[in-house]
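Structural features, examined
Chain by chain, the residues:
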Amino acid sequence: MTWAPDSGPRPTAWAAPEPVDGPEQGAPPGHLAAPDTADLPTLEFLRVVGSGPRGLLESQAEDRLARYGENVLPALRSVSWPRRFLRSLRDPFTTVLFCLALVSAAVAAWNTACVIMALVTVSCVLRSSGEYRADQSASALRELVAATATVRRRADANSAPETREIPVDQLVPGDVVLLGPGDLVPADLRLLRATGLTVHQAALTGESAPVAKYPVESPGRPDDDGPDGPAPASDRWSRQGASAQESPHLCLQGSSVASGSATAVVMATGEHTRFARGFRGMSTRRRESAFDRSVHGISWSLIRFMLLTPPLVLMADAGLRGRGLETLPFAVAVAVGLTPEMLPVVVTTTLARGASLLARGSDVIVKRLPALHDLGAMDVLCTDKTGTLTQDRPVVACHVDGEGHDNPDVLHWAAVNSLWTLQLAELPSPDALDEALLDAAEERGDDLDHDAVAALPFDPVRRLATVALRTPGSPGTHALVVKGAAEAVIARCVRQRVNGRDTDLDDEARARLLSRCADRAEGGLRVLAVAAAERPAKSGAPSVTASDEYGLTFLGVVGLRDAAADTAADALTALSGRGVTVKVLTGDHPGTAARACDDIGLDPGRVVTGDAIDGLDDDALAELAETTTVFARCTPAHKARVVRALRAGGHVAGFLGDGVNDLPALHAADVGISPRDATAVAREAADVVLAAKDLTAICHAIVAGRRSSGNIAAYLRIALSSNLGNVIAMLTAGLLLPFLPMLPMQVLVQNLCFDGAQLAFAYDRPPAADMARPSALEPRAILRFVTGFGILNAIADVATFGILALSIRGFGTSASQEAFQSGWFTENLLTQALVMLLLRTGRNAAEGRAPGPIRLTTSALAAIGILVPLSPLAPALGFTALPLFYYALLAAVLMSYGTALVMAKTRYEARIAARQGLAASKP
């Protein structure tokens, strides 16, 4: 056990620094002491925070709780459903439709305006409801911060201190907290005493190895040493201005105890902890994602078309037919006809359905619906190592002697040291390294039952643990087994044992051993050296001291590596098969990162460190990121730069992270992903949360995203090409005919029928080929498709005008006008049904294998097109019955149109496949 201060007898002032009720002047609420008090000597620090080793009085704790507030994270305020509804109105397509509704209302086209507003409302309700439910589900996973904490408090000034459990939100600055193995650090703490304390800080720094912590008397003093002698140079943190995570005497909220025990004083609670800064640092404004870029590109193209269409219709009618503003409703109807009114509804329904299926079937929570599209478009997944690809749990990788030969005895004696140090030193539980050694020995069936008499536990200054055993047949002799850091053990060795023979160890031999250990460390292993010695049994109570740990015989080393996550290898294989490249961004050692990648089948290639990133500009980093798989020793800023560089290079980048140090990268990515066991701030920042530990759930999410993206893209291609063909035909008919080719009410009914049928795309299942590669909504590709197939649709419409002219007698009369409008209405719905069927399913339709939803809706659409002009509703809509001769000619036109569609689609798909093959062949 180590105390601060510990040099000489404990000073009188140590026993009774009576708590003063109140903070140092100028200290912020929740942070009792000013920020620089962490560097004060221990006694002065305790006076400043108004506390002492005996703990606070209950009355003082109550006063401070009322004054400084509860110890809770400043969780991001949950967005209410009405606020989400208003936000959804900012969608570009929704804005376009809203403006069209206002224009329709301005020209007294009330039916059109009401229909458009109904579509806008339905879309916004679906989107806001889906995201609200996802946010509620994600909030239920907030479980990182400890539920209770063990504190020492007094009922009154004359009472003895009592140790008890309290809710963690009741902690106040100045509380004395007791920590043990497995405890989550509930606030920012300064250590008063510690016994073999190591903590996991991966959530804060990304470093997978536990970090030793111990009290320091005067952290800010240049000549400060550790509690048991001179501190290692790496521990003199304050001289180099090291971060709080590197401070040996501070334990920060968000970390957890790996081994040992400690008593500490609370420095900061609530929003003033360093852990909480992750919340304050989270940007409230989202970056533009791949979905946003795609939607904006398509939206602006449509807006340009719609702004040009009404003036063109008005000018053409005025110039050729002498019509005036009476054609304005028709011009607005044409603009509405070009707009895919159902797009917000189809997009929201498709994404919400995909997110719901993921939550039920794959334990994946999509917090932001457009993130599902981004998952489908993702072609690069960047991931942290610790807690994602690895389990943050070491396993034994090798046990060798000084010459590098496999030697099970080395593992045996290392496990003996772990077992008996744990039992004789009364440590509450083994740390992760000891657990790995004991598990490996158990798997081998080693008998660890020895007659142990004493143990000297590990401490961060000696960096050794020693156990003394009785030697069978030699009652006056004890055998020492020493285990610890390679440098510390080898420095105390004078001999080494190889193949059962002991040889002297000179400086050159020590250098060789250290070099071999360094090579193993560079290869990603944590190296523990094992040595032994014989000592005369001491009289009186058996014991062992640090002075006995010299003149040792070196036995060998045990190498440990991080255990790979159970599903990491399978997930990487599946991601590769889906066309997603994986890159590792970690704060860990380059060798550790490379070995972890090797263990899961990912070729690390040349590892690039954070120092190399600092020397590159953005263009050079984008080029380097294309060919690099592993980035090590990365700070949070480095991770975010790499992600941004990949996006700048044209990739859709996702990031999988679980710690506070991953927040910048989660925000920089197109889609941020967090596992279930991530820190609360990481889960808040993520767009997608994996509710299960199975990393293959990412693959399920990608497939769902591609299915949704494929359905949305299919809707856009089919709806826009059909709409464009109709608009071209309307403009042509408006110039050629002495009457309107279709009344505004007829256009509205036609659009409603087509829009209702298009909702089937939300329930469609795209072809398997579409699931094999990233799929994004590419505005240029969609517009090229729309232009080509829209012109083909317009040709079919113009051909229909010809057969209508042949079928209708007395062209120019009111009866012929009704017949023309009826015939074109029927042809429009039939061609739109044909487009949906053939462009979505191609040859499958002819073979009877069209998807159920598409087959049903196209059949209904065709039936409406044929039956409405023959129904009792026909007079009210301005329709009339058509001669049978027209239907015969229309059938010929539709057959020709269908053949042309299939041929054009086959040629289009061949060009796409050739382009993708060419892209894949490029290095």
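Look up a bit, the structure's there.
Since the model is a prediction, treat every value here as computed from it, not as a measurement. (Residues numbered from 1 in each chain as written. Predicted model: local features only at pLDDT ≥ 70, side-chain atom pairs only at ≥ 80, totals over all residues. Heavy atoms only, no water.)

Quick word on the overall build of the protein chain
Quick note on the threshold: Helical segments are the DSSP runs of H or I of at least four residues, strand segments are the runs of E of at least two, and each set is numbered from the N terminus. Burial classes follow relative accessibility: with a 1.4 Å probe on protein chains only, a residue under 20% of its type's maximum area counts as buried, one over 50% as exposed, and anything between as partly exposed. Residue contacts are defined here by distance: any two heavy atoms, one from each residue, within 4.5 Å place the two residues in contact. For accessible areas, the Shrake-Rupley method is used with a probe of radius 1.4 Å. Any residue's cover is judged against the shown protein chains and nothing else.
Looking only at helices and strands, one finds 31 helices and 25 strands in the protein chain. Relative to its 923 residues, the protein chain shows a buried fraction of 56%. Once local pairs closer than 6 in sequence are excluded, the contacts in the protein chain between residues at least 24 apart make up 74%. Looking at the protein chain as shown, the accessible area adds up to about 37800 Å², and 57% of this sits on carbon and sulfur atoms.

Structural notes on unusual backbone geometry
The phi angle at Asn499 is positive, at roughly 55°, despite the residue not being glycine. Along the chain, the position of Asn499 falls in the loop between strand S16 (493-498) and strand S17 (501-504). Not every positive phi belongs to a glycine, and Arg633 is a case in point at roughly 50°. Its place among the elements puts Arg633 in the loop between strand S22 (630-632) and helix H21 (636-648). Overall, Arg633 belongs to the partly exposed group, its relative accessible area being 38%.

Here's the deal with the side chain of Asn417
Counting through the fold element by element, Asn417 comes out in helix H13 (residues 408-424). According to the relative accessible area criterion, Asn417 is buried, its value standing at 0%. Beyond its immediate sequence surroundings of up to four residues, Asn417 is in contact with Ala465, Thr466, Val467, Val481, Val482 and Lys483.

Some thoughts on the pattern of salt bridges
Under the convention used in this document: The salt bridge criterion pairs a side-chain nitrogen of Lys or Arg with a carboxyl oxygen of Asp or Glu, the two atoms within 4 Å.
Taken as a whole and assessed by the stated rule, the structure comprises 22 salt bridges. We note a salt bridge from Lys639 to Asp384, for which the minimum N-O separation is 3.5 Å. Taken as a pair, Lys639 in helix H21 and Asp384 in the loop between strand S11 (380-383) and strand S12 (390-400) lie far apart in primary sequence, 255 residues in all. Asp384 carries the same exposure label as Lys639, and that label is buried. Among the salt bridges present, the one from Arg497 reaches Asp502, with a minimum N-O distance of 2.8 Å. The class of Asp502 is partly exposed, set by a relative accessible area of 39%. One network of salt bridges, in which partners are shared, links Glu58, Arg153, Arg164 and Asp175.

Considerations on the packing of aromatic side chains
Selection criterion: Geometry of aromatic contacts follows a simple scheme: Phe, Tyr and Trp rings, the Trp one being its six-membered ring, pair when their centres are within 6.5 Å, and the pair is stacked under 30 degrees between planes, edge-to-face over 60, tilted otherwise. By the criterion adopted, a ring carries a charge over it if an Arg CZ or a Lys NZ lies within 6 Å of its centre and within 35 degrees of its normal.
Per the counting criterion, the structure on display carries 8 aromatic pairs. A network of ring pairs unites the aromatic residues Phe785, Phe789 and Tyr908 as a single cluster. The aromatic ring of Phe45 is capped on one face by Arg190, whose charged end is 4.9 Å from the ring centroid. Above the face of the Phe785 ring, Arg717 is positioned so that its terminal group lies 5.5 Å from the ring centre.

Observations concerning a negative patch on the surface
Note the threshold: Surface patches are drawn from residues lacking salt bridges whose relative accessible area is over 30%; two like charges belong together within 9 Å, two nonpolar side chains (Val, Leu, Ile, Met, Phe, Trp, Tyr) within 5 Å. We count Lys and Arg on the positive side and Asp and Glu on the negative side, and we leave His and both chain ends out. Taken as the charge centre is NZ of Lys, CZ of Arg, CG of Asp or CD of Glu, depending on the residue.
Taken together, the side chains of Glu435, Asp439, Glu442 and Glu443 make up a negatively charged region of the molecular surface. Assignment of secondary structure puts Glu443 in helix H14 (residues 432-444).

A closer look at a positive patch on the surface
A surface patch of like charges, here positive, comprises Arg780, Arg784, Arg907 and Arg911. Those elements that provide at least two residues to the positive patch are helix H26 (779-807) and helix H31 (884-921). The residue Arg911 is located in helix H31 in this model. Exposure remark for Arg911: the relative accessible area of 42% places this residue in the partly exposed category.

Some points on the sheet that holds strand S21 (residues 608-609)
As a reminder, the rule being used: Here the rule is simple: two strands pair whenever DSSP picks up at least two bridges between them. Each axis is a line fitted through C-alpha atoms, and for a helix only the stretch in contact is used; angles between axes span 0 to 180 degrees, taken between their N-to-C directions.
Strand order across the open sheet formed by 8 strands is S10-S25-S24-S23-S11-S20-S22-S21, with mixed pairing between neighbours. Bordering the open sheet on either side are strand S10 (364-366) and S21, each of which pairs with just one other strand. Pairing of S11 with strand S20 (residues 581-585) involves 4 bridges; the strand directions are parallel. Bridging across to S20, Leu381 finds its partner in Val582. Together, S10, strand S24 (671-675) and strand S25 (688-690) form the strand contacts of helix H12 (residues 370-377), whose direction differs from that of S24 by roughly 95°.

Comments concerning the side chain of Arg190
As a reminder, the rule being used: Each polar contact in these results corresponds to two N or O atoms within 3.5 Å; when the atoms are within protein, one needs to be able to donate a hydrogen and the other to accept it, and residues that are neighboring in sequence are counted only if both atoms are side-chain atoms.
Inspection of the secondary structure puts Arg190 in strand S6 (residues 188-200). Look at Arg190: it is buried, it has no salt bridge, and the nearest opposite charge is Glu217 at 5.7 Å. A polar atom in the side chain of Arg190 sits 3.3 Å from the backbone oxygen of Val216.

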